[in-house]
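What follows is each chain in one-letter form.
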Amino acid sequence: MTITVLGNALLATMDDNGYGLLADGAVVIEGARIRHVGPMVELPTEFARLPRQDLGGRLLTPAFIDCHTHLVHGGDRAREFELRLQGVSYAEIARSGGGILSTVSATREANEEALVASALPRLDALLAEGVTTVEVKSGYGLEREAELRMLRAARKLAELRPVRIVTTYLGAHACPPEMDADRYIDEICIPTLRAAHAEGLVDAVDGFCECIAFSPGQIARVFEAAQALGLPVKLHAEQLSQSGGTALAAGFNALSADHVEYATDDDARALAQSGTVAVLLPGAFYTLRETQAPPIDSFRAHGVPMALATDCNPGSSPLTSLLLTLNMGCTLFRLTPEEALRGVTANAARALSLSDCGRIAPGLRADLAVWDVKSPAELAWRIGFNPLHHHWFGGVQC
Ligand code: DI6
Ligand code: FE
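In this report, we go over the structure that sits alongside the text. (Residues numbered from 1 in each chain as written. Chains lettered and ligands numbered in written order. Predicted model: local features only at pLDDT ≥ 70, side-chain atom pairs only at ≥ 80, totals over all residues. Heavy atoms only, no water.)

Describing helix 10 (residues 265–274)
Residues of helix 10 that are buried: Asp 267, Ala 268, Leu 271 and Ser 274. The buried residues of helix 10 occupy an angular sector of 135 degrees when projected down its axis, which confines them to one face. In helix 10, the exposed positions that point more than 90 degrees away from the buried face belong to Asp 266 and Gln 273. Tucked inside the fold, the buried residues of helix 10 contact helix 9 (245–251), strand 11 (256–259), strand 12 (277–280) and helix 12 (296–302). Backbone geometry just downstream of helix 10 places Gly 275 in the positive-phi region, at approximately 70 degrees. (Buried < 20%, exposed > 50% of the residue type's maximum accessible area, 1.4 Å probe, protein only. Helix = DSSP H or I, 4+ residues; strand = E, 2+ residues; numbered from the N terminus. Arc of directions from axis to C-beta. Contact = heavy atoms within 4.5 Å.)

This is the structure we're talking about:
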């Protein structure tokens, strides 16, 4: 197996509390995995003899993980953006058949190739910032074939680019116009989940628990079906109002509760007890000009792991930059740059139930990013600047 020695790196391993900073560090890659991590001066002789790539003191972090996206979808919503700027609200647009439902129409019209082709530029934007793992949700089909097509398109992306795709079935995203919510859940959403699972297309199951989407009782039925199939769950919870989604997610030991702007201190305690990650999505908060930030102090006090993601979607978060997401997490939600970096590495891996990435440690995948910066805080500090030097995906330099 090929062995590569990376030397003279400023390491931020994210493997302990804090950055796990190590100046003048070395990482040995063997095949797809990390073989050794430590100070250069303690490099075992078997590796010290090998030629080495000098990183010139650059920062070496785990590669980034975007743990919440709606990357695959048809159409665009630039017109809706104009309407919102004229004062029409997100909820009004949704009620008049625009919003999510306009993306549903465009997604239903697109075949698998078209879905892949339109997702690729968005994916490439993420990869250009050192991302190696992306979660992709369905949820704009809302009928069997279109939901399956979205998930197949998502899986296809991993064949076309150096990226690991984790798929999430989000049949319970919105109620299609042709049906009432209860019938949709029982007659379309749950049977489609079973079909998608049978085709090996589902890594986890998500829902949108909100007054403009589904109730906790309706989501619970989807979660019970997921559990019966042995699939983990997660939830869009407490984004626009207190709807009981976070408590529901915790009760199902969800991998994550996402958005959580309106979560309470009791919700934070419940998330801590169930080991559920709070996935913060500042791009949606920014785009919708929300004013209530998630209860970060409660999450800290109770020890809730926090992740950050783009929520890349055509309506509430047309965002394809995790670097900008780091900055927004700090500026809008008052995360520390260290919490923000943990949110797109170690805690993002946890939100996806992945134990082999998100940190730099022996035995983990060699998914690494090399940055032209002097300190990790620089990654969150700038706006619209990409200091990526190069990155590694499973031991392959990109
Ligand atoms: N919450 C969101 O912010 C997105 N979906 C969701 O459940 C919005 C999706 C859209 O507007 O297309
Ligand atoms: Fe989302």
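From this point on, the discussion continues.
Overview of the site of ligand 1
The full set close to ligand 1 counts 13 residues, and Arg 77, Tyr 90, Tyr 140, His 173 and Ser 316 are the nearest of them. Between ligand 1 and Arg 77 there is a distance of 2.8 Å, counted from an oxygen atom to a side-chain nitrogen or oxygen. Here an oxygen atom of ligand 1 sits 2.6 Å away from a polar atom, N or O, in the side chain of Tyr 140. Protein burial of ligand 1: of its 320 Å² of free accessible surface, 100% is covered by the chains. Looking at the shell around ligand 1, its residues break down into four nonpolar, seven polar and two charged. (Near = heavy atom within 4 Å. Polar contact = N/O pair within 3.5 Å; in protein donor to acceptor, adjacent residues only side chain to side chain. Areas by Shrake-Rupley, 256 points an atom, 1.4 Å probe, with all protein chains shown as cover. Nonpolar A, V, L, I, M, F, W, Y, C, P; charged D, E, K, R; others polar.)

Focus on the packing of aromatic side chains
According to the stated counting rule, one finds four aromatic pairs in the structure shown. Arranged with centres 5.2 Å apart and planes meeting at 75 degrees, the rings of Phe 223 and Phe 252 form a pair that is edge-to-face. With Phe 223 in helix 8 (residues 216–228) and Phe 252 in the loop between helix 9 and strand 11, the pair connects residues that are 29 residues apart, well separated along the chain. Grouping residues by exposure puts Phe 223 and Phe 252 together as buried. On the numbers, 5.0 Å between centres and 75 degrees between planes, the contact of Phe 285 with Phe 333 is edge-to-face. In this pair, Phe 285 sits in helix 11 (residues 282–287) while Phe 333 sits in helix 13 (residues 322–333), placing the two residues 48 residues apart along the sequence. Judged by relative accessible area, which is 3%, Phe 333 ranks as buried. The side chain of Arg 365 reaches across the aromatic face of Phe 393, ending 4.9 Å from its centre. (Phe/Tyr/Trp six-rings, centres within 6.5 Å; stacked < 30°, edge-to-face > 60°. Lys NZ or Arg CZ within 6 Å of the ring centre and 35° of its normal.)

Notes on the packing of helix 7 (residues 181–198) against helix 8
At a minimum axis separation of 10 Å, helix 7 and helix 8 run at an interaxial angle of 20 degrees. On the basis of their axis angle, the class for helix 7 and helix 8 is roughly parallel. The handedness of the crossing between helix 7 and helix 8 comes out as right-handed. Counted together, Ala 181, Asp 182, Ile 185, Asp 186, Cys 189, Ile 190, Leu 193 and Arg 194 of helix 7 and Gln 218, Arg 221, Val 222, Ala 225 and Ala 226 of helix 8 form the full contact between these two elements. Per-class residue counts for the contact of helix 7 with helix 8 are eight nonpolar, one polar and four charged. (Axes fitted to C-alpha atoms, helices over the stretch in contact; angles between N-to-C directions. Parallel < 35°, antiparallel > 145°, perpendicular 65-115°, else oblique. Left-handed = near helix turned anticlockwise from the far one by under 90°.)

Observations concerning the coordination of the iron ion (ligand 2)
Every protein donor of the iron ion (ligand 2) is listed here as His 68 (NE2), His 70 (NE2), His 236 (NE2) and Asp 311 (OD), and their distances to the metal cover 2.1 to 2.3 Å. Here the iron ion (ligand 2) binds four donor atoms, and the angle range of 82 to 166 degrees at the metal identifies the geometry as irregular. Read N to C, the donor residues that coordinate the iron ion (ligand 2) are spaced as H-x1-H-x165-H-x74-D. Of this pair, His 236 sits in strand 10 (residues 234–237) while Asp 311 sits in the loop between strand 13 (306–308) and helix 13; the two residues are 75 residues apart in sequence, bridging distant segments of the chain. Neither His 236 nor Asp 311 differs from the other in exposure class; each is buried. (Donors = N, O, S within 2.8 Å, 3.2 Å for Na, K, Ca; no water. Tetrahedral: all angles 85-135°; square planar, octahedral: opposite > 155°, others 65-115°.)

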